[in-house]
Structure formats: structure tokens, C-alpha cells
Amino acid sequence: MNSEHIKLAARNVDLWFGAKHVLKQVNAAFPQNEVTALIGPSGCGKSTLLRSFNRMHDLVPDVRIEGKLLLEEQDLYDKKASVTQLRKRIGMVFQKPNPFPKSIYENITYGLKINGVPAGQHKEIVERSLKESFIWDEVKDDLDKPAMRLSGGQQQRLCIARTVALRPEVILMDEPCSALDPLSTLKIEELIIKLKEEYTIVIVTHNMQQAQRVADKTYFLYLGEVIENGPTASIFNDPKQQLTKNYVTGHFG
Amino acid sequence: MHIQARERIDGLVRSLIKATGLIVISILGGIFFMLLWNTVSFFIHVSPLDFITGTQWNPTGRHATYGILPLLVSTCLVTLGAMAIAIPLGIGTAAFMSEYAGKRLKNILKPAVEMLAAVPSVAIGFLGIVALGPGIARLTQLSNGLNALNGAILLSVMSLPTIITVAEDAINGVPATYKEASLGIGATKWQTLTRVTIPAAAPGIVAAIMLGVGRAIGETMTVLMATGNAASFPKGFFDSVRTITATIAIEMGEVPYQTTHYYSLFAIAGILFLLTLVVNMAGEYFVNKFRKFHSA
Ligand SMILES: Nc1ncnc2c1ncn2[C@@H]1O[C@H](COP(=O)(O)OP(=O)(O)O)[C@@H](O)[C@H]1O
Ligand SMILES: [Mg+2]
């Protein structure tokens, strides 16, 4: 991309679960139409950071957030901001595929109905989003079948289709391949690279190779702090910090 | 030697368990057989068609009539009325407790519901006579408030704990990932509850309803006390009614053995049994139908 347009950003974000300080002065900026990877050892706060962008922590009692989280110029935690509107603009794909216990077709139309998309457009959008998620050919004859009958990889692609159906601006992915076999993983990675043409993507991953295959930029987190960030190649090949180096070379994590 | 002793005990326990199982099954079989035997004896005296279509239950009159319809309609009226109140209230409370109520409120509500289940039916019937009955009478300008409505309200109170407890377990059991998926798409809490959580909990909720219906259909003491027990054909909720259970309870104590009247009580018990069976099977059917979408 030419001059970078920052789509999503965190400014001096601190987050506590009760007394536990989980995110510490986190600063991050995710450019439009790029894939940014969040890496770091388990428990360092990657999911917590990701989930703070679509306000999934709203459900958790005793959580406290300070600092600013921004989508373009919009303060995500502004009292006047509509959470449901924000979540429509910032879609999320979860670690474990979580289709609804409904048919494949209904899995997509659920979000359309919720967001008031006229019924006349449903069929077309279902087809389009399933095609965009590279799953159309596999399910086009079984749209009325329960989504739970699909394989894990298919379920995850259906979840991605469910998200892209709403044309969000940002897609957050929390280890989307951790429950999948290598072949499905590869398919999803291809899909991610394709999707960035239209969306801004932030992906949490434990898989170093995956980060290098899909991500333009990478953030390394450790104990709730951003230790280092930059173009993926330089994080992996020329890390400035010793911690980063240890992590990407597999000395811990 | 130790091992031998233990094996002997193990064998003993196994036959003991087998024996108790057999006893339960034979008791069940015995009850069923007795019902069937006496019902057949009844149908030797009275034609099944007259029994099923008869609109008068008057076994002690000069011309005894054994029409089950008024009793059946009474039972259905009271049960349906009870469910019309208890199902929305029960599911609503269950959903509120598991999705909206804070920890503290939940810690008050849960024991309260459990305590409601512990109130003896005779006490609830008593309340129906002294509190609810006069209240209904005053509001409706009727001479007394012992009618189907009274019974329905009381039965709804009695089936609420069952419905709430089972439905709440079902709603709690819905994986958090479904809710996150729905909220993540931009659904509100309410949309998530009504369109994802409750449908996903449907098998458990249907089971809760069926248990509630079972509780209401079979309840005797409360309806006996609160519904007035007129055996005439009920026209609505403000009529006094007499359910199948109440009829058996009232008449069984006074009826001479081995008479047509005696047999007739088994016949209506048989019908009650069939009714419960149908309710349970319908419940099972729906549970399976919903489960289809849950697992591969
Ligand atoms: N809902 C929660 N309540 C309390 N602590 C939490 C909660 N969610 C996460 N944590 C804690 O926050 C820390 C960061 O967790 P997480 O963001 O899931 O890590 P990661 O995704 O990097 O593995 C962990 O120590 C975890 O135990
Ligand atoms: Mg995580």
C-alpha cells in the first residue's frame, strides 16, 4: 500500500480483569487493507487485546479499560457509540469454529436479518459470501443441512462467510486455524490473503510460519506489553529486542 | 483371600442391584396389568364408544352414565390454563436468571424457586380456597371462585419450579461461543437470547415444559380443593370443573368393589396414563428433532 491509512488503533490502552493488569500501555495501529499478526506466548494478552476492539469484554464483570481504542476517528468506547453498530463494522472469527446450531443458509442470513438487510437480497449475499470464503462449491447443494455436520475447516470458513456477509471494515481473527488440520489451515490462509484486498485484518496466531505467510506487519506481545512491532520480515529476520529474538527463534513460548 | 472376599461382595451387590431392578419393573408391570385388567372389565359393561363420547359422568344416578368427556375436558382445561401461565413465566424467569440477573439477585432467586417446589400441594390448595377463590369471586361477580381458573393458576405455581429449574439448566448449558458469535455479528442481547440461546436450549426447554405438563396433569390434591368438583360439562374457565385425578380421589374411597363404577375409575385412570404417555412421546419427538441440528 502507498501511504498507510490507519484503520484501527489502540492508544495507551490498559486493561484489568479485577486486580489483574492484563494489558499495559498498549499502542498499536493497524493499516487498512493489510494483515497484521499478533504473536506472543500464551497468556500475554493477545486475545484480550483483540476482543477489546469489538467490545467482547462488555460481557465480563469487573473489567476496566483505560486509554483509547479507535476505528478511524471513532472512539469505540464512547458512551454514545452503539455497540451493535460497531460490531457490525468490526467482525470477529473465533478460535474454535462456532457456527450456530442452524442450517448453513441460516448461519449467514442470521446476521443479515439482525442488521435489517431486506430478505430479497439474502440469497444473493449467501452465495456471494460463501464464494468469497471458498466454501461455496463444497456446500452449494446442502444449504439446508445443519452447519454442525460440516468438518472443522468448513465450519471455520462458514464462520468467515458469516462475517464477510455483513461487509465489515475490519475482521479480527483469534487463532482461526488452531483447531484445524494443515490442509484446512492452508485454505484459510489463502482466504485471508485474498480478503485483505477488501478488509483490514488482525490475526492472532501461535504459528510462526503462518504469521510469515499471511501478515504484512507483526506485533510481538509479552506479559501484556507490546515489545516490538514492524514489517513481518524484519520482526522475524532482524528483531531489535532480545525477547523478540528468543520468541521467534523458538527459545520460549 | 482378600480378593476372594471382595469378589464375593461384588457378586452379592450385583445380584442385589439386579433384584431391585427386577422389583421396580415388576411393580410397574403389575400396575399396568391391573389398570388394563380392570379397564377391560369395565368395557364389558359399558361400550367404549359411549365412554369416550359420553358427555355425562354420573355413575351413582338411577341411570348410571359413564361419559369421560367432562372429566377429560376439565383436566385439559386446567392443564392448558396452567401451562399458558407457567410456560412464558417459567422460561422468562429462567432466561432472566441465567442471562440478566446479577450474582446477588441470582443467589436470592434460586433458593426461592426451590422453596416454592417444597410447598405441599395441600397448602397450595388451601390458599386456593381461602385467598385466590374469594379474589376470583369478587373480580368476576360469581358466587364462588372455585373453578377451572383457580385450579389453573395454582397448578401453574406448582409447575413453575420444575419448568424454571430445568429450563435454566438448559439455557446455562448453551455454549458461550454461540452467544459470542451472535453478539459479534452485531446482535443485541435480546436478539441473541431469543434467536440463538433459546433455540439452542430448545431440547431442554421442551423437556422442562413436558415435565411441567406432567406435573399439572397428575396433580390431585390442589385441583380437588380448588376447582369446585362439579361433574357437569365445563364451558369455560369460570366454570367449576372436576378433573380425572380428582374424580378418582373422590369416588374411589366410597365405591363398592367389583362394580361397574369401581371398574370405571380404572378406565379413566387408564386414559390419564395414555394422556401422559402421549405428552411424553411428543416431548421426546421434539427433543430429537431439535437435537438434529446440534451434533453431526
Ligand atoms: N475473563 C477473564 N477474566 C480474568 N482473567 C482473564 C480473562 N480473560 C483472560 N484473562 C487473563 O488475561 C491474561 C491474558 O489472556 P489472553 O488474552 O487470553 O492471552 P492470550 O490470548 O495471549 O493467550 C491471562 O493471564 C488470562 O488468564
Ligand atoms: Mg488467546
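Refer to the preceding data block for the structure.
Now for a description of the structure that goes with this document.

Quick look at the overall build of chain A
No. 1: Check the secondary structure of chain A and you find 10 helices and 10 strands.
No. 2: Over its C-alpha trace chain A gives a radius of gyration of 18 Å, about what one expects of a compact globule, namely 18 Å for 253 residues.
No. 3: Seen along its three principal axes, the alpha-carbon backbone of chain A occupies a region of about 55 × 45 × 40 Å.
No. 4: Taking all 253 residues of chain A together, the buried fraction comes to 53%.
No. 5: Look at the contacts in chain A between residues 6 or more apart in sequence, and 68% of them connect residues 24 or more apart.
No. 6: When the 33 positive and 31 negative side-chain charges of chain A are each reduced to one mean point, those points stand 3 Å apart.

Comments concerning the sheet that holds strand β10 (residues 225-231) of chain A
Residues and elements named next belong to chain A.
No. 1: Taken in spatial order, the six strands make up an open sheet running β6-β7-β8-β3-β9-β10, and their pairing is mixed. Each having just a single partner strand, β6 (90-93) and β10 make up the two edges of the open sheet. Between one strand and the next, the sheet's axes are offset by a mean angle of 15°, whatever the strand orientation.
No. 2: Inspection of the sheet shows β6 paired to strand β7 (residues 170-174) by four bridges, in the parallel sense. Within β7, the position partnered with I90 by the bridge is V170.

Considerations on a nonpolar patch on the surface
No. 1: Residues F32, L36, V40, I44, F273, L274, L277 and M281 of chain B make up a contiguous nonpolar surface patch of roughly 780 Å² in combined accessible area.
No. 2: Among the secondary structure elements, M281 of chain B is positioned in helix α12 (residues 260-291).

Considering the pattern of salt bridges
Pairing between side chains of opposite charge can happen when their charged atoms approach one another.
Residue and element names in this part refer to chain A.
No. 1: Inspection of the entire model under this criterion finds 25 salt bridges over all chains.
No. 2: Of the charged contacts in the structure, one is a salt bridge between R64 and E66, with a shortest N-O distance of 3.5 Å.
No. 3: The partly exposed category is assigned to E66, whose relative accessible area is 39%.
No. 4: A salt bridge links K194 to E197; its shortest N-O distance comes to 3.9 Å.
No. 5: For K194, a relative accessible area of 44% corresponds to the partly exposed category.
No. 6: Exposure remark for E197: the relative accessible area of 57% places this residue in the exposed category.
No. 7: Each member of the salt-bridge network shares a partner with another, and the members are K7, E72, R89 and E169.

Rules behind the numbers
Residues numbered from 1 in each chain as written. Chains lettered and ligands numbered in written order. Predicted model: local features only at pLDDT ≥ 70, side-chain atom pairs only at ≥ 80, totals over all residues. Heavy atoms only, no water. Helix = DSSP H or I, 4+ residues; strand = E, 2+ residues; numbered from the N terminus. Rg over C-alpha atoms; globule rule 2.2 N^0.38 Å. Buried < 20%, exposed > 50% of the residue type's maximum accessible area, 1.4 Å probe, protein only. Contact = heavy atoms within 4.5 Å. Lys, Arg positive; Asp, Glu negative; His and termini not counted. Charge placed at Lys NZ, Arg CZ, Asp CG, Glu CD. Pairing = 2+ DSSP bridges. Axes fitted to C-alpha atoms, helices over the stretch in contact; angles between N-to-C directions. Patch = residues over 30% accessible without salt bridge, like charges linked within 9 Å, V, L, I, M, F, W, Y side chains within 5 Å. Areas by Shrake-Rupley, 256 points an atom, 1.4 Å probe, with all protein chains shown as cover. Salt bridge = Lys/Arg side-chain N within 4 Å of Asp/Glu carboxyl O.

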